[in-house]
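# Notes for the structure review
Take a look at the letters that make up each chain.
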Amino acid sequence: MPPWYDGPLAAFDTETTGIDVEHDRIVSAALVVQETPRSAPRITRWLINPGVEIPEAATAVHGLTADHLALHGRWPAPVLEEVARALAAQSVAGRPLVVMNAPFDLTLLDRELKRHRASSLDAALGSHQLCVLDPRVLDKHLDRYRKGRRTLTDLCAHYEVELTDAHEAAADAVAALRVVRSLGHRFAARLEGLQPGELHTRQAIWHAAQARGLQAWFARSGTPEPVDPHWPLRPALPAAA
């Protein structure tokens, strides 16, 4: 049996109106499924008309305008239901789900489900919980002393993965999936015997440690920005009194 990084994997990515998981909206999403490193990926794309203005800064990143989304996008509620079902299907099929910076995409999806479906990601998944592989967390743990940034573009350059059409959801998902495969090969000796389910559990611990380190660095530099230690999903904020 091949190692997990040469076996079936899926990947998920979103493009959004901004970086605030509590208030911003998903405008596009993609799910990529690949059975082996040599198989052609199967790609599902969703385009959403969020019904709100698209900030110019967001359009500058992903190229999607309010006019384009009004013409070609679908209303959020049915799309979000489809996305949640598609992710649950990966768990049912036993495919680990690659999500770059998972707490962003999965938390935003959770909040969108709450906003438009009066639901949550956990509720939508039911008993089919995700097994997530986050290239950012894995890379920071396995190569922790390497200097430099760890964006998807940086990881693609480091792991010699081609990234074309960056900030298009499907392109980013394909690239993240290939980064994880390359990372698996590069650190095969250290990952030997660790299955995706065990890696999912360990990544929660690794991410929390990484968050504490970043928070300490912010404190030393006088930056008040808080760092959330939760992975792969940030807890819902308490309801206002």
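See the structure above.
Small disclaimer: the values here were computed from a predicted structure and weren't measured. (Residues numbered from 1 in each chain as written. Predicted model: local features only at pLDDT ≥ 70, side-chain atom pairs only at ≥ 80, totals over all residues. Heavy atoms only, no water.)

### Let's talk about the overall build of the chain
Our working rule: Counting from the N terminus, the helices are DSSP H or I runs at least four residues long and the strands are E runs at least two residues long. Exposed residues in this analysis have more than 50% of their type's maximum accessible area, buried residues have under 20%, and partly exposed residues fall in between, with area computed by a 1.4 Å probe over protein chains only. Any two residues having at least one pair of non-hydrogen atoms within 4.5 Å are treated as being in contact. His is not counted, nor are the chain ends; Lys and Arg add positive charge and Asp and Glu add negative charge. Every charge is mapped onto a representative atom, which is NZ of Lys, CZ of Arg, CG of Asp or CD of Glu.
Looking only at helices and strands, the chain has 10 helices and five strands in total. Seen through its C-alpha atoms, the chain measures out along the principal axes to roughly 50 × 50 × 35 Å. For the chain, the residues scored as buried account for 48% of the 241 residues in total. Contacts in the chain between residues at least 24 apart in sequence constitute 67% of all its contacts with a sequence separation of at least 6. Put simply, the chain has 26 plus and 29 minus side-chain charges, and the middle of one group is 6 Å from the middle of the other.

### Quick look at the pattern of salt bridges
The line we're drawing: The salt bridge criterion pairs a side-chain nitrogen of Lys or Arg with a carboxyl oxygen of Asp or Glu, the two atoms within 4 Å.
Overall, the coordinates contain 13 salt bridges when judged by the stated rule. In this structure, the salt-bridge partner of Glu35 is Arg42, at a minimum N-O distance of 3.3 Å. Overall, the relative accessible area of 26% leaves Glu35 in the partly exposed class. Residue Arg45 pairs with Glu168 through a salt bridge whose shortest N-O separation is 3.4 Å. Here Arg45, found in strand E3 (residues 42-47), pairs with Glu168, found in the loop between helix H7 (152-158) and helix H8 (169-186); they are 123 residues apart in sequence, far enough to count as distant.

### Details of the packing of aromatic side chains
Spelled out, the test is: We call Phe, Tyr and Trp rings a pair once their centres come within 6.5 Å, taking the six-membered ring for Trp, and we label the pair stacked below 30 degrees between planes, edge-to-face above 60, and tilted otherwise.
What the rule picks out here adds up to two aromatic pairs. Arranged with centres 5.3 Å apart and planes meeting at 80°, the rings of Trp4 and Tyr5 form a pair that is edge-to-face. Take Trp4: its relative accessible area is 10%, and that puts it in the buried class. Classification of Tyr5 as buried rests on a relative accessible area of 10%. On the basis of an interplanar angle of 55° and a centroid distance of 5.7 Å, the ring pair of Trp217 and Phe218 is categorised as tilted. Given a relative accessible area of 11%, Phe218 falls into the buried group.

### Comments concerning unusual backbone geometry
Residue Pro232 follows Trp231 across a cis peptide bond; omega there is 0°. Along the polypeptide, Pro232 turns up in the segment after helix H10 (196-221). Even without being a glycine, Asp165 presents a positive backbone phi close to 60°. Within the secondary structure layout, Asp165 lies in the loop between H7 and H8. Since its relative accessible area comes to 54%, Asp165 is described here as exposed. In this structure, His167 is a non-glycine residue whose phi angle is positive, near 70°. Mapped onto the elements of the fold, His167 is located in the loop between H7 and H8. Take His167: its relative accessible area is 38%, and that puts it in the partly exposed class.

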